[in-house]
Each structure stands twice: as C-alpha cells, then as structure tokens.
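Here's the letter readout for the chains.
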Amino acid sequence: LFRKNTGMVAYQIAEHKGNTGEHYITSTRRDYFLFFLSAAGGGAIISFIALFKTLLHHIDMAPFWEYFLYGLNYAFGFVLLQITHTTLATKQPAMTASTLASYLDARKQRHPSLQNVAYSFVLVWRSQTASFLGNLIVVFPLSWLLAAGFELAFGHKLTGPGEAQAYLDAQNPRESPAWLYACFTGMFLFLSGIITGYVDNMVRFRNIPGRVRAHPALKWVLSPERRNRLASYIDANLGGFSGNIALGFFLGFAPLIGISLGLPF
C-alpha cells in the first residue's frame, strides 16, 4: 500500500513538473525572441539579488540571521522571477527533464517515441541557450553599473580588492571546488522541483481553488469574480511559490550547514 501510494504521488509530482517545464520550451522564432527577452529580465533581477547579497555580507550579524537573510533575499528574487514571468537559465533543466520524460510515458503515449524526445531535446537546448545568453548579456554590464553607481553614491567601493579577488577565486574551477558546489545547487534545484510538484498536486487533490471559491469568510469580503481570480491564481502559482521559497532558503542556509558540520558545502 505504501509503495503503491508513494508511486502514485511521485507520478503526479513528475506530471505537474512536466506541465511547468512546457513553458520553458520554445518552437517558433517569435517565442524564441520573447524567451530571450524574458531571460534578459531575469538577468536584471539576478544582478540586484547579487547586490543585496553583497551588502548583507557587510552587516555584522549572528550567523543564523546572516544566512536567514541570504535565503530571504534569494527567495524574494526567485518569487519575483516567477511573478514577472522572467527566466533564470540554471532553473530550466530541473523543469524540462520531466517534460522530456513524459514523451516516453506509456500511460500518455500509445507508442512512446525516441524521435519525439530527440526533437524536444533540440528545442530545449535552443531555449536553454537563449536563456543563458539573455541572462549573461544583462548580468555582466548591469552588475558593473550597480557597483560603479554604489561607489559614486557612497564614496567607496562595494567590495575591497581582497574580497573581490576571493569572489573570483570562488568561481574559478581551478582555484575552488566550484564544480562540486554546482552539483549541490543541482540537488537543491531538484528538491525544489519536487516541492513544486508536490504542492501543485496537493492543490488539485484537495481542491483548494474550489474551497477558496466557496469559503464562507471570503464570501463576506470578496466578490465572486475576485474569489474566482484568487482561486485561479492559487491553482496556477502556489506550487511555484513554494518551490522558489524553498530553493532560496536551501541556497541561503547551505554555507551555515557546511560551517556547522565542517563540510565544503
């Protein structure tokens, strides 16, 4: 009974992740261009997240609250990406994998086709490239402008030479275990995708939108049209919000776990 039910829940989680992943795949020239613009917007948001994270690092706080604010900063940024429908390249693989797998699903496809998987993989690769370029083409110049603007406004650099060099070394695979850190991030992305799918499944299974529409207290304060909009918004976004908030705090608290356990985390 336990194996059967966990298998059903896992299938539904993957199903909802697959539905989300379809939004990350483009097939027409116009969609490709719009996706590139979406990635550019995501790059702008990430630049500000990096700025705030650097500023938080300069505040003298107890370790728990320092990393809690790091996580809050990440979570806010990821939720903002979702609200504005902008894109972050590193989040795509965790979502599109389930979409690719669905093409081999015997329950959905009468004749599962490797050709469909190959064709979809090409589309995913193109979308991933557009997202990657869109992010970077904005992140580099905007981050530089934010750092230069900070220096003009406050009369000192955002980071000193030693700290700036430490940031560069931390991103250099020859100077640090950056590849290992990227693997940890991939694990967190996977877990956040599981949380997204689980919450999406829970919303449907427990009929939360229907409960919102029929809630007696909400009937006193919201018109039927607003209750319908709220219910539809919850149905479409609650899973994404949960996964993004979880991912933010996973990333924020990871260094604290590493420090506490003496691990390169």
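Scroll up for the structure.
**With respect to the overall build of the chain**
Next up, step 1: Assigned secondary structure in the chain consists of 10 helices and zero strands.
Next up, step 2: Put simply, the chain runs from its N terminus to its C terminus through helices and strands in the order α-α-α-α-α-α-α-α-α-α.
Next up, step 3: Sequence-distant contacts in the chain: of pairs separated by 6 or more residues, those separated by 24 or more amount to 74%.
Next up, step 4: On the chain, roughly 16,400 Å² of surface is accessible, and the fraction owed to carbon and sulfur atoms is 68%.
Next up, step 5: For the chain, the distance from the average site of its 21 positive side-chain charges to the average site of its 13 negative ones is 14 Å.

**Overview of the packing of helix H3 (residues 63–83) against helix H10 (residues 224–261)**
Next up, step 1: Packing of H3 against H10 leaves a shortest axis separation of 8 Å and a crossing angle of 150 degrees. Judged by the angle between their axes, H3 and H10 are roughly antiparallel. Handedness of the H3/H10 crossing: right-handed.
Next up, step 2: Partitioning the contact of H3 with H10 into residue classes produces 21 nonpolar, seven polar and no charged.

**Digging into the pattern of salt bridges**
Next up, step 1: Going through the model one piece at a time under the given rule, you end up with two salt bridges.
Next up, step 2: The partner of Lys157 in a salt bridge is Glu151, with the nearest N and O atoms 3.4 Å apart.
Next up, step 3: The class of Lys157 is exposed, set by a relative accessible area of 52%.
Next up, step 4: Taking the shortest distance from any N to any O, the salt bridge between Asp235 and Arg204 comes out at 2.7 Å. Of this pair, Asp235 sits in helix H10 while Arg204 is found in helix H7 (residues 178–205), placing the two residues 31 residues apart along the sequence.
Next up, step 5: Take Asp235: its relative accessible area is 24%, and that puts it in the partly exposed class.

**A few points about unusual backbone geometry**
Next up, step 1: Of note, the phi angle at His85 is positive, near 60 degrees, even though the residue is not glycine.
Next up, step 2: Checked against the element boundaries, His85 lands in the loop between H3 and helix H4 (92–102).
Next up, step 3: Positive phi, close to 55 degrees, is recorded for Asn207, a residue that is not glycine.
Next up, step 4: Take Asn207: it is sitting in the loop between H7 and helix H8 (208–214).

**Re the packing of aromatic side chains**
Next up, step 1: Here the structure, examined in full by the defined rule, presents 12 aromatic pairs.
Next up, step 2: On the basis of an interplanar angle of 80 degrees and a centroid distance of 5.4 Å, the ring pair of Tyr67 and Tyr70 is categorised as edge-to-face. Separated by three residues within a single helix, Tyr67 and Tyr70 lie in helix H3, roughly one turn from each other.
Next up, step 3: Exposure remark for Tyr67: the relative accessible area of 12% places this residue in the buried category.
Next up, step 4: Taken together, Phe64, Trp65, Phe68, Phe249 and Phe253 form an aromatic cluster joined through their ring pairs.
Next up, step 5: One cation-aromatic arrangement involves Lys53 over Tyr70; the distance from NZ or CZ to the ring centre is 4.8 Å.

**Details of H3**
Because an α-helix packs 3.6 residues into every turn, residues spaced three or four apart end up facing the same way.
Next up, step 1: Given a rise of 1.5 Å per residue, 21 residues ought to cover 30 Å, and the 30 Å separating the end C-alpha atoms of H3 matches this to within 8%.
Next up, step 2: Burial in H3 covers these residues: Glu66, Tyr67, Tyr70, Gly71, Asn73, Tyr74, Ala75, Gly77, Phe78, Val79, Leu81 and Gln82.
Next up, step 3: Packing partners of the buried residues in H3 comprise helix H2 (29–57) and H10.
Next up, step 4: Immediately beyond the C-terminal end of H3, within one or two residues, lies His85, with a positive phi of roughly 60 degrees.

Reading the values: the criteria
Residues numbered from 1 in each chain as written. Predicted model: local features only at pLDDT ≥ 70, side-chain atom pairs only at ≥ 80, totals over all residues. Heavy atoms only, no water. Helix = DSSP H or I, 4+ residues; strand = E, 2+ residues; numbered from the N terminus. Contact = heavy atoms within 4.5 Å. Areas by Shrake-Rupley, 256 points an atom, 1.4 Å probe, with all protein chains shown as cover. Lys, Arg positive; Asp, Glu negative; His and termini not counted. Charge placed at Lys NZ, Arg CZ, Asp CG, Glu CD. Axes fitted to C-alpha atoms, helices over the stretch in contact; angles between N-to-C directions. Parallel < 35°, antiparallel > 145°, perpendicular 65-115°, else oblique. Left-handed = near helix turned anticlockwise from the far one by under 90°. Nonpolar A, V, L, I, M, F, W, Y, C, P; charged D, E, K, R; others polar. Salt bridge = Lys/Arg side-chain N within 4 Å of Asp/Glu carboxyl O. Buried < 20%, exposed > 50% of the residue type's maximum accessible area, 1.4 Å probe, protein only. Phe/Tyr/Trp six-rings, centres within 6.5 Å; stacked < 30°, edge-to-face > 60°. Lys NZ or Arg CZ within 6 Å of the ring centre and 35° of its normal. Expected span 1.5 Å × (residues − 1).

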